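# Residue-level structural notes
Residues per chain are reported as follows:
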Amino acid sequence: GVSLFPEHGASYDVLRQNADLAMYRAKSLGQGKICTYETAMDETSRRRAELAIDLKRALVRNEFELHYQVQNDTQSGDIIGFEALLRWNHPRKGRVPPNDFIPLAEQTGLIVDIGDWVLRTACATAASWSRPFKVAVNVAPMQLNYDLAKRVAEVLRETGLAPERLEIELTETGIIADRQHALQVVLALKALGVTVAMDDFGTGYSSLSTLQVFPFDKIKVDKSFIQSVETSVHAAAIVKATLLLGRSLNIPVLAEGVETEAELRCLRAEGCHEGQGYLFSRPRPNVDIVGLLQAQRDAADGSSSGNVMVA
C-alpha cells in the first residue's frame, strides 16, 4: 500500500493511515499487488466498518436465514441431499451478498458464532424434514480451532439429527494452515458418524496430497471448472481427471455450479453421478423445501417416477 507526500497527507500519521487503506485494497486483489491510496478508499473503509457493526448485531436481531440448494443424481434427477447456504436480510440494505459479508465475518472473528448458528439451524431444520435427506454445512477455517467435533456432537444431540445425515464441507485453503490439527478434526468428525467433503476441489494448493492424507467422503469439483467444461479443453480434462481419481479412490464426486443442459450432458457422459446448481434448483428457504419434499412424496404415492427438477 502506497501513499504519497504531500498529495495524500501532510503528516506521518495521515500518510501511514492512508497507506494502510491502500494495503488492504492490495491484499483483496491477491498476492503481489501494489495499490496507491485514493480518496474513495476512505468511503469504502467507512462502509466496511459500518457493515462490521451491523454484522455483529445481525445474530441478536435474527437477520440471518438459511436457504437450501438441492443436490441431485445427475442420471435420474432424484434428490440426494441439500446444501445449507447463509443469507443476510439487512434491515436497511436488504439482501447482502454472501461474498460481501462472509469474508468480513472471517476477518472479524464473528464467523465462529455465525457458523455455530448455521450448524444448529441446518441440523434442526433437516431433522424436521419428512424424508431423511442429508444436509451439507460449510465450515470456516477458524471454526476448526474451536473444538468443532465436540460442538457438532452437541448439536446432533440437541436436534436429534442422525450423524450420517450431516455432511461437513471443508476447503483445502481452510486446512492447509495446520494440516495436522485439521486431520485430527476430520477424524473426530468421522468418528461421530458425520461425513466430510472436500469443497472447491481444484482451487487449492496441493489437492492430490491432501486427498492422500485426509479421509474425505466426497469431492466437490469447483464450479469454475464445470462452467467452462464446454468451452475449455483444460477445464474438461480437469473434470475428467477428477472423476477418474474419485472412482480410483472410491470417493463420490459432485459437480458444483451446473447451470446448463449442455454442462449436464458433459458430466453424464464422463460418469459424474452427483450435481448441484441452478439447472436443478436455486437455493430456497425451508418452506419451499418442505413443499418440494411433500410434492415428491405425493408423486411417489401416485406411482410417478419421483424425479424432481426445480427451476
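Residues numbered from 1 in each chain as written. Predicted model: local features only at pLDDT ≥ 70, side-chain atom pairs only at ≥ 80, totals over all residues. Heavy atoms only, no water.

## Re the pattern of salt bridges
Oppositely charged side chains may form a pair once their charged atoms are brought near each other. A complete count under the given rule lists 15 salt bridges for this structure. The partner of K220 in a salt bridge is E83, and the shortest N-O contact between them spans 3.1 Å. Placement of K220 in strand β7 (residues 218-221) and of E83 in strand β2 (residues 79-90) is noted, with a sequence separation of 137 residues between them. When the shortest N-O distance is used, the salt bridge between K220 and E169 registers 2.7 Å. (Salt bridge = Lys/Arg side-chain N within 4 Å of Asp/Glu carboxyl O. Helix = DSSP H or I, 4+ residues; strand = E, 2+ residues; numbered from the N terminus.)

## A few points about the nonpolar core
Judged by nonpolar contacts, the single largest core of 75 residues is most densely connected at F82 and L166. Broken down by element, the residue count for this core peaks at nine residues, all from helix α4 (residues 111-128). Those residues in contact with L166 that sit more than four places away from it in its chain are L119, C123, K134, V135, V137, V152, L156, L161, V194 and T195. (Core = buried A, V, L, I, M, F, W, Y, C linked by side-chain atoms within 4.5 Å. Buried < 20%, exposed > 50% of the residue type's maximum accessible area, 1.4 Å probe, protein only. Contact = heavy atoms within 4.5 Å.)

## Points about the packing of α4 against helix α5 (residues 148-159)
Across the interface, α4 lies against α5 with an axial gap of 9 Å and an inter-helix angle of 35°. Crossing handedness for the pair α4 and α5: right-handed. Of α5, the residues touching α4 (which contributes D116, L119, R120, C123, A124 and A127) are R151, V152, V155, L156, E158 and T159. (Axes fitted to C-alpha atoms, helices over the stretch in contact; angles between N-to-C directions. Left-handed = near helix turned anticlockwise from the far one by under 90°.)

## Quick word on the pairing of strand β5 (residues 166-171)
Most of β5 sits inside the fold, with five of its six residues counted as buried. Two strands pair when backbone bridges link them, and strand β4 (residues 134-138) and β5 are joined in this way by four bridges, in the parallel orientation. Note on β5: the bridge partner recorded for N138 is E169. In this fold, β4 hands off to α5, which returns the chain to β5; that crossover is right-handed. Direction of pairing for β5 relative to strand β6 (residues 195-201): parallel, over a ladder of five bridges. Counterpart to I168 in the pairing with β6 is V196. (Pairing = 2+ DSSP bridges. Right-handed = clockwise from strand over helix to strand, strands pointing away.)

## What about the pairing of β7?
Here β7 shows two buried faces, one formed by K218 and K220 and the other by I219 and V221. Where β6 and β7 come together, three bridges link them in parallel fashion. Along β7, the bridge assignment pairs A197 with K218. Alignment of β7 against strand β8 (residues 253-255), held across three bridges, turns out to be parallel. Across the sheet, the residue bridging to K220 is L254, located in β8.

## Quick notes on the packing of aromatic side chains
Counted according to the given criterion, the structure contains eight aromatic pairs. Relative to W129, the ring of F82 lies with its centre 5.0 Å away and its plane at 55°, an arrangement referred to as tilted. Remark: W129 occurs in the loop between α4 and β4 and F82 occurs in strand β2; sequence separation between them is 47 residues. Accessibility classification places F82 together with W129 in one group, the buried group. Through pairs of rings, three or more aromatic residues link up here, namely F64, W88, F101 and W117. (Phe/Tyr/Trp six-rings, centres within 6.5 Å; stacked < 30°, edge-to-face > 60°.)

## Some details on the packing of α5 against helix α7 (residues 179-192)
Between α5 and α7, whose axes approach to 8 Å, the crossing angle comes to 20°. Classed by the angle they form, the pair α5 and α7 counts as roughly parallel. Note on packing geometry: the crossing formed by α5 with α7 is right-handed. Where α5 approaches α7, its residues L148, A149, V152 and A153 are matched on the opposing element by V185, A188, L189 and L192. Looking at side-chain class alone, the contact of α5 with α7 contains eight nonpolar, no polar and no charged residues. (Parallel < 35°, antiparallel > 145°, perpendicular 65-115°, else oblique. Nonpolar A, V, L, I, M, F, W, Y, C, P; charged D, E, K, R; others polar.)

## Regarding helix α11 (residues 261-269)
For α11, the set of buried residues is A262, E263, L264 and L267. Check the buried side of α11 and you find it contacts α9 (223-226), α10 (233-249) and β8. Backbone geometry just downstream of α11 places G271 in the positive-phi region, at approximately 85°.

## Some remarks on α5
Three- or four-residue spacings in an α-helix give side chains the same orientation, since the helix completes a turn every 3.6 residues. Between its first and last C-alpha, α5 extends 16 Å over 12 residues, near the 16 Å set by a 1.5 Å rise per residue. Looking only at α5, the buried set comprises L148, A149, R151, V152, V155, L156 and T159. Around the axis of α5, the buried residues are gathered within 160° of arc, so they sit on the same side. Facing away from the buried side of α5 by over 90 degrees, the exposed positions are K150, R157 and E158. Packed against the buried residues of α5 are α4, β5 and α7. (Expected span 1.5 Å × (residues − 1). Arc of directions from axis to C-beta.)

## Description of the side chain of E172
Position of E172 among the secondary structure elements: in helix α6 (residues 172-175). For the buried E172, no salt bridge is present, and the opposite-charge side chain at shortest range is R179, 4.7 Å distant. Side-chain polar atoms of E172 contact the side chain of T210, separated by 2.3 Å. (Lys, Arg positive; Asp, Glu negative; His and termini not counted. Polar contact = N/O pair within 3.5 Å; in protein donor to acceptor, adjacent residues only side chain to side chain.)

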